[in-house]
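Architecture at a glance
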Amino acid sequence: MKADTQKLLDSVQTRRLMGALYGEAEAEHNVTRYKDLVEKFVQEFGDKEMKMFSSPGRTEISGNHTDHNHGRVLAGSINLDCVGIAAKNGSSKVNIVSETFNQRFTVDLDDLAPSAKMAGTVDLVKGLLKGFKEKGYEIGGFDAYITSNVISAAGVSSSAAFEMLLCSMLNVFFNDGKMDVVAYAHVGKYAENHYWNKSSGLLDQMACAVGGLITIDFYDPQNPVVEQIPFDFGSKNHSLIIVNTGKGHADLSADYSSVPQEMKKVAEYFGKEVCAQVKEEDVIADLAKVREYAGDRSVMRALHFFEENKRVEAEVAALKEDRFEDFLSGITASGNSSWKWLQNCYTTADVQEQGISVALGLTELFIAGKGRGACRIHGGGFAGVIMAMLPNDLVDEYVEYIERALGKGNAYRMSIRPYGAICVDQEV
């Protein structure tokens, strides 16, 4: 009920949790944010027994476009999140209000077929519900009022944050909390693959669901090996900056899907499914025939995959051994490989649209002038955002510099939060 939820939000335990999720400076603001959402839920759906949920966006630190070919990644959940107030409704209907995107819709559990368009939030929700059923989990009717401050269509996984939020609701309401976050990720992947026709892997969902700074080995995608890395970027007086270059990648599915498909074409030459099952030296040894079979860009993207896997291992080792400068060098190398080998900094469908390249070029000039920091493309690429890792004493200057070129409000100072997709009530 509303009174119980409001009382919980006023508790010392919740205040402590808000500090961990959003940082001490933003804790009180987010308590107010949740209270506002509770009021809106009650106005929309009535006063009933409700629960609060949160699912973060994610940052990809290294491992650009490796997960879908069963490679390695280094990622973390961030302090921007998707928040929902939800309650079971005892019906066969899922009713969702998305405040951020001004959406209000209902999904009937007896009609989970995708639309002919295979796009949009309704199809995604249907895909999640169908994914639960396909994987043997229970579903049911519920009401949810949702808001999000995760940057949309920009490579910090606003869609995966939404997916993992709903997975958490379905797990708590209908599956007694017995699902693990790996199951969440597979359901999200199922929804994107089968209801959005998007060849995504598991990185986005895993990073949003698990929480903290993590490295994931996807060699066995049904049982990915997840390791949390106990490293505090703040202890090195560096901040993670995400810069929105001004155009989303929502309309670039063909470019995005071409990356895993072309890597897999190289693996196919060797009778394998993905690049993780192939050795780099074998590709190089038979390069002429591989180029003829798969094409040159496919070969370059496969070589990026092999080298990026090595970089992730090296960066994880550098963090564990407190070699921070080596870690920063790895970020720079990863970014250079994405530009030159992976080739996902702009779409060839419109070569004059190069917001990512412009942002990276300007950031590289800034870093070169200061002699400190690192940057790389972030997320799926072709458009969206870049990442910079900068000393704290340079952050304000950099934000002013990059926003002067790209517009106010496009640079976000992030922190890694220690929680993934959660039911807030259960963490207090």
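Everything here concerns the structure above.
Residues numbered from 1 in each chain as written. Predicted model: local features only at pLDDT ≥ 70, side-chain atom pairs only at ≥ 80, totals over all residues. Heavy atoms only, no water.

Things to note about the pattern of salt bridges
Condition: Counted as salt bridges are all cases of a side-chain nitrogen of Lys or Arg within 4 Å of a carboxyl oxygen of Asp or Glu. Working definition: helices are DSSP H or I runs of at least four residues, strands are E runs of at least two. Numbering for both runs from the N terminus. Exposed residues in this analysis have more than 50% of their type's maximum accessible area, buried residues have under 20%, and partly exposed residues fall in between, with area computed by a 1.4 Å probe over protein chains only.
Enumeration according to the criterion identifies 32 salt bridges in this entry. We note a salt bridge from D10 to K35, for which the minimum N-O separation is 2.5 Å. Of the two residues, D10 sits in the loop between α1 (2-9) and α2 (12-22) while K35 sits in helix α3 (residues 27-45), which places them 25 residues apart along the sequence. In this structure D10 comes out as exposed when scored by relative accessible area, which is 54%. Residue K35 is classed as partly exposed on the basis of its relative accessible area, which comes to 26%. Of the charged contacts, one joins R15 and E24 as a salt bridge, the two residues approaching to 3.1 Å between their closest N and O atoms. Judged by its relative accessible area of 26%, R15 falls in the partly exposed class. Residue E24 is classed as exposed on the basis of its relative accessible area of 52%. When salt bridges that share partners are traced, they join E60, E308, R311 and R376 into one network.

Describing the nonpolar core
Keep this limit in mind: Within this scheme, the nonpolar core is defined by two criteria: the residues are buried Ala, Val, Leu, Ile, Met, Phe, Trp, Tyr or Cys, and they are joined through side-chain atoms within 4.5 Å. The contact definition used throughout considers only heavy atoms, calling two residues in contact when any of these lie within 4.5 Å.
Grouped together as the largest cluster of nonpolar side chains are 67 residues, with contacts concentrated most on L74, L129, F142, I146, L166, M169 and F327. At twelve residues, the largest contribution of residues to this core is made by helix α5 (residues 158-174). Leave out the neighbours within four places in its chain, and F327 touches I61, L74, F233, E315, A318, L319 and M389. Within the second largest apolar cluster, 22 residues are counted, among which are M18, L21, V38 and V97.

Some remarks on the environment of I242
Considering the arrangement of structural elements, one finds I242 in strand β8 (residues 238-244). Along the chain, I242 and I151 lie 91 residues apart, while their C-alpha atoms are 9.9 Å from each other. Excluding anything up to four places from it in sequence, I242 contacts T59, I151, V156, H378, V385, I386, M387, N410, A411, Y412 and M414.

Quick notes on the state of the cysteines
Basically, it comes down to this: Any cysteine sulfur atom paired with another within 2.5 Å is treated as part of a disulfide.
Summed over the entire model, instances satisfying the criterion amount to zero disulfides. In this structure C167 is not part of a disulfide, and its nearest cysteine sulfur, from C208, lies 11 Å away. Note on C167: relative accessible area 0%, which makes it buried. The structure places no disulfide on C375, whose sulfur is separated from the nearest cysteine sulfur, that of C345, by 9.8 Å.

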